[in-house]
Amino acid sequence: MSSVITTRQAGIVDVDAGRNVTVVEPCNLYGCRLGDDVFVGPFVEIQRHVSIGARSKIQSHSFICEYVTLGEACFVGHGVTFANDLFKDGAPNADPASWGRTCIGDRVSIGSGATILAVEICSDAVIGAGAVVTRDITRKGIYAGNPARLLRELP
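Predicted model, so just to flag it, every value in this text is computed and none were measured.

## A short note on the overall build of the chain
No. 1: Counting its secondary structure elements, the chain contains 0 helices and 21 strands.
No. 2: Dimensions along the principal axes, computed over C-alpha positions, put the chain at roughly 60 × 45 × 30 Å.
No. 3: Within the span of the chain, comprising 155 residues, buried residues form 37% of the whole.
No. 4: In the chain, of all internal contacts separated by at least 6 residues, the share reaching a separation of at least 24 is 16%.
No. 5: Total accessible area computed for the chain in this model is approximately 8600 Å², and 51% of it derives from carbon and sulfur atoms.
No. 6: Computing the positive centroid from 14 side-chain charges and the negative centroid from 16, the chain places the two 6 Å apart.

## Quick look at the sheet that holds strand β5 (residues 33-34)
No. 1: In spatial order, the strands read β2-β5-β8-β11-β14-β17; together these 6 strands make up an open sheet with parallel pairing. The sheet is open, and its two borders are formed by β2 (16-17) and β17 (120-121), each paired with just one other strand.
No. 2: Judged from the 2 bridges that link them, strand β14 (residues 102-104) and β17 form a sheet pairing that is parallel. If you follow C103 over to β17, its bridge partner there is E120.

## Some thoughts on the side chain of Q47
No. 1: Inspection of the secondary structure puts Q47 in the loop between β7 (45-46) and β8 (51-52).
No. 2: Of note is the side chain of Q47, whose polar atom sits 3.0 Å from the side chain of Y30.
No. 3: Looking at Q47, its side chain comes within polar contact range of the main-chain nitrogen of E66, at 3.1 Å.

## Section: the nonpolar core
No. 1: Of all hydrophobic cores here, the largest spans 33 residues; its most connected members are I46, I52, F82, I110, I116, I121 and I127.
No. 2: If we ignore the near neighbours within four places in the chain, the residues touching I52 are R33, L34, G35, V38, I46, I58, I64 and L70.

## Looking at the sheet that holds strand β18 (residues 126-127)
Two pairing modes exist for strands in a sheet, parallel and antiparallel, and in both the strands are linked by backbone hydrogen bonds.
No. 1: Spatially, 8 strands are ordered β3-β6-β9-β12-β15-β18-β20-β21 in an open sheet, and the strand pairing comes out mixed. The open sheet has two edge strands, β3 (22-23) and β21 (149-153), and neither has a second partner.
No. 2: Pairing analysis gives 4 bridges linking strand β20 (residues 141-144) to β21, with the strands arranged antiparallel. Directly across from G141, in β21, lies its bridge partner E153.

Here is what the cut-offs are and how they apply
- Residues numbered from 1 in each chain as written.
- Predicted model: local features only at pLDDT ≥ 70, side-chain atom pairs only at ≥ 80, totals over all residues.
- Heavy atoms only, no water.
- Helix = DSSP H or I, 4+ residues; strand = E, 2+ residues; numbered from the N terminus.
- Buried < 20%, exposed > 50% of the residue type's maximum accessible area, 1.4 Å probe, protein only.
- Contact = heavy atoms within 4.5 Å.
- Areas by Shrake-Rupley, 256 points an atom, 1.4 Å probe, with all protein chains shown as cover.
- Lys, Arg positive; Asp, Glu negative; His and termini not counted.
- Charge placed at Lys NZ, Arg CZ, Asp CG, Glu CD.
- Pairing = 2+ DSSP bridges.
- Polar contact = N/O pair within 3.5 Å; in protein donor to acceptor, adjacent residues only side chain to side chain.
- Core = buried A, V, L, I, M, F, W, Y, C linked by side-chain atoms within 4.5 Å.

So this is what it looks like as structure tokens:
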């Protein structure tokens, strides 16, 4: 018995890119906006309805799902995952209108392996490696843990 494998080509489709954008392939970018001087590392997926602000850097193996807005001069470490479907009914929801929205301010640094749910994070916050952000972050500071908690405020 032979199996049939269906393949799809990853790539860059329908991307609105500013000046001096660097994308290291392989990657999967579609229907998104990348501001001036953005860097996207290899093995990154950025889905439609995502906006990445100028001078932001996305490191390898990160996943940025639909409806994420990332501010300017942000840093997203290796293997960061954004999630917009919170499985409110105990299963995936195929209706994009029900998915959460994520808004990240300017100059936010997100450490490797962090998971960011549908939240708002204020400008100048630092999210530690491996943190799970389940609630809005409204004060500048360093956050870590699962769920992420304020460790120390920043001036």
